[in-house]
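# Inside the fold
What follows is the residue order along each chain.
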Amino acid sequence: MKLSNSDLKKFSRQIIIKKIGINGQKKINNSRVLIIGMGGLGCPLLIYLANSGVKKIGIVDDDKITISNLNRQILFSEKDVGKYKVLVAKKKLKLMTNKIKLKVFKVKVNKYNIKTILKNYQIICDGTDNFKTRFLINDYCKKMKKILITAAINKFNGQLFKFDFKKNCPCFRCYMPEIPDNELNCEIEGITPPVAGMLGNLQANEVLRTILELKPNSNGNVFIFDGEQVSLRKAKIMKNNKCINKC
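None of these values were measured; they are calculated from a predicted model.

### Remarks on the sheet that holds strand β4 (residues 123–126)
Pairing between the strands of a sheet is mediated by backbone hydrogen bonds and can be parallel or antiparallel. Strand order in the open sheet formed by eight strands is β3-β2-β1-β4-β5-β6-β7-β8, and the pairing between neighbours is mixed. If you trace the sheet from one side to the other, it starts and ends with β3 (101–105) and β8 (231–236), each paired once. Shown here is a sheet whose adjacent strand axes are inclined to one another by a mean of 15 degrees, direction ignored. With four bridges joining them, β4 and strand β5 (residues 147–154) adopt parallel strand pairing. Bridge assignment links I123 to a residue of β5, and that residue is I147. Packing against the sheet, helix α5 (residues 85–96) makes contact with β2 (56–60) and β3, and its axis sits at approximately 170 degrees to β3. Along the sheet, helix α7 (residues 131–144) contacts β1 (32–36), β4 and β5; its crossing angle with β5, the most-contacted strand, is approximately 165 degrees.

So, in structure tokens, the structure goes:
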């Protein structure tokens, strides 16, 4: 697929990077990425993927915008309160770029619709806020050999995971075998807005690294960000022999 003159101009600052170039930009333009959750993670993730040239993106969320979302969900404003997140996100994104093919799923992912929603995307980005949905997405991506890039945020902290299930690697259940008795989320524990933006941007960066096949490969790793101490460390996730996905 040939890049248009407008694409050559718009993405010129990344095309001049040797590890991207014309061929890398074509890969970015032709990639298919699904974002599950249009919250504090999904908003910056969507913006940066679109502005990097990803032309085919799906977004999934059944929630409406509330006033408490606005401190970190940067696609929305006070005028959007009460509206569906995915519909507002689509409208806002069209103002940024009119060349993107954005598919909207105004639903919550469940065992009955996950196949239909995920089937046309190879890279899946999980920004959901509960373990039940995370496990469902993890298990389906593992079964269908998709690439899963997932993030989680809490207070001043965040975690980023990369699982390329086309290859031999652990899964999220190896890291977290069971749902904790006291499941915590932003509504209960709170979240600082910059941490949400940081992890959403790290997700976007990992999507681009995956598309471009940059080294080193982050497959099977977790990156742990501490916003209070301003540190980022990487840890290898070990396979759990008791994992129900038989990793």
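Let's pick the thread back up.
### Remarks on the packing of aromatic side chains
Counted under the stated rule, the structure contains eight aromatic pairs. Here the aromatic rings of F131 and F172 are separated by 6.2 Å at their centres, their planes lie at 25 degrees, and the arrangement is stacked. Taken together, the residues F131 in helix α7 and F172 in helix α8 (residues 172–175) connect sequence positions 41 residues apart. Comparing F131 with F172, the two get one shared label, buried. Aromatic side chains F161 and F163 sit 6.2 Å apart centroid to centroid with 15 degrees between the ring planes, which places their arrangement in the stacked category. Judged by its relative accessible area of 0%, F163 falls in the buried class. One cation-aromatic arrangement involves K106 over Y84; the distance from NZ or CZ to the ring centre is 4.4 Å. In this arrangement the basic side chain of R173 is found over the ring face of F135, its NZ or CZ atom lying 4.2 Å from the centre.

### Quick word on the side chain of S52
Here S52 lies in helix α4 (residues 42–52). Residue S52 is classed as buried on the basis of its relative accessible area of 10%. Beyond its immediate sequence surroundings of up to four residues, S52 is in contact with F11, Q14, Q25, I28 and L208.

### Description of the environment of K239
Secondary-structure assignment places K239 in the segment after β8. Sequence spacing of K239 and S77 is 162 residues, and the spatial spacing of their C-alpha atoms is 43 Å. If near-sequence neighbours (up to four positions away) are discounted, K239 is found in contact with N168, C169, P170, C174 and C247. Of note is the side chain of K239, whose polar atom sits 2.4 Å from the side chain of N168. Of the polar contacts made by the side chain of K239, one reaches the backbone oxygen of C247; its length is 3.3 Å.

### Some thoughts on the environment of F11
On the secondary structure map, F11 appears in the loop between α1 (5–10) and α2 (12–15). Residue classification places F11 among the buried residues on the basis of a relative accessible area of 2%. Considered as a pair, F11 and I211 are 200 residues apart in the sequence and their alpha carbons are 16 Å apart. In this structure, F11 is in contact with Q25, N29, N51, S52 and G53, ignoring residues within four places of it in sequence.

### Thoughts on α7
Residues spaced three or four apart along an α-helix point in a common direction, a consequence of the helix completing one turn every 3.6 residues. Along its 14 residues, α7 runs 20 Å from first to last C-alpha, staying within 8% of the 20 Å computed at 1.5 Å per residue. Burial of α7 is extensive: ten of the 14 residues sit out of reach of the surface. When α7 is considered as a whole, its buried residues turn out to be F131, T133, R134, F135, I137, N138, D139, Y140, C141 and K142. At its buried positions, α7 is contacted by β1, α6 (114–118), β4, β5 and α8. Capping the start of α7 is the job of one residue whose side-chain oxygen sits 3.4 Å from the backbone nitrogen of K132: N130.

Criteria and cut-off values
- Counting restarts for each chain, with residues numbered from 1 along the sequence as it is written.
- Under the rules for a predicted model, residues below a pLDDT of 70 receive no local features and side-chain atom pairs below 80 are neither given nor counted, while totals for whole chains, interfaces and linings still include all residues.
- Derived side-chain values reflect all non-hydrogen atoms in the structure, with water molecules and hydrogen atoms excluded from consideration.
- Pairing between strands is defined by DSSP: at least two bridges between the two strands are required.
- Strands are runs of DSSP state E lasting at least two residues, helices are runs of H or I lasting at least four, and both sets are numbered from the N terminus onward.
- A fitted line through C-alpha atoms serves as each axis, taken over the contacting stretch for helices, and the angle formed by two N-to-C directions is quoted from 0 to 180°.
- In this description, contact between two residues means that some pair of their heavy atoms is separated by no more than 4.5 Å.
- Put simply, two rings from Phe, Tyr or Trp (the six-membered ring, in Trp's case) pair if the centres are within 6.5 Å, and we call them stacked under 30 degrees between planes, edge-to-face over 60, tilted for the rest.
- Note on exposure labels: buried denotes an accessible area under 20% of the residue type's maximum, exposed denotes more than 50%, and partly exposed covers the range between, all computed with a 1.4 Å probe on protein chains only.
- Both a distance and an angle decide whether a charge sits over a ring: NZ of Lys or CZ of Arg must be within 6 Å of the ring centre and within 35 degrees of the ring normal.
- Nitrogen and oxygen atoms within 3.5 Å of one another constitute a polar contact, given that in protein one can donate a hydrogen and the other can accept it, and given that sequence-neighbouring residues count only through two side-chain atoms.
- Multiplying one less than the number of residues by 1.5 Å gives the expected span of a helix.

Keep in mind that these numbers describe shape and distance, not what the molecule does.
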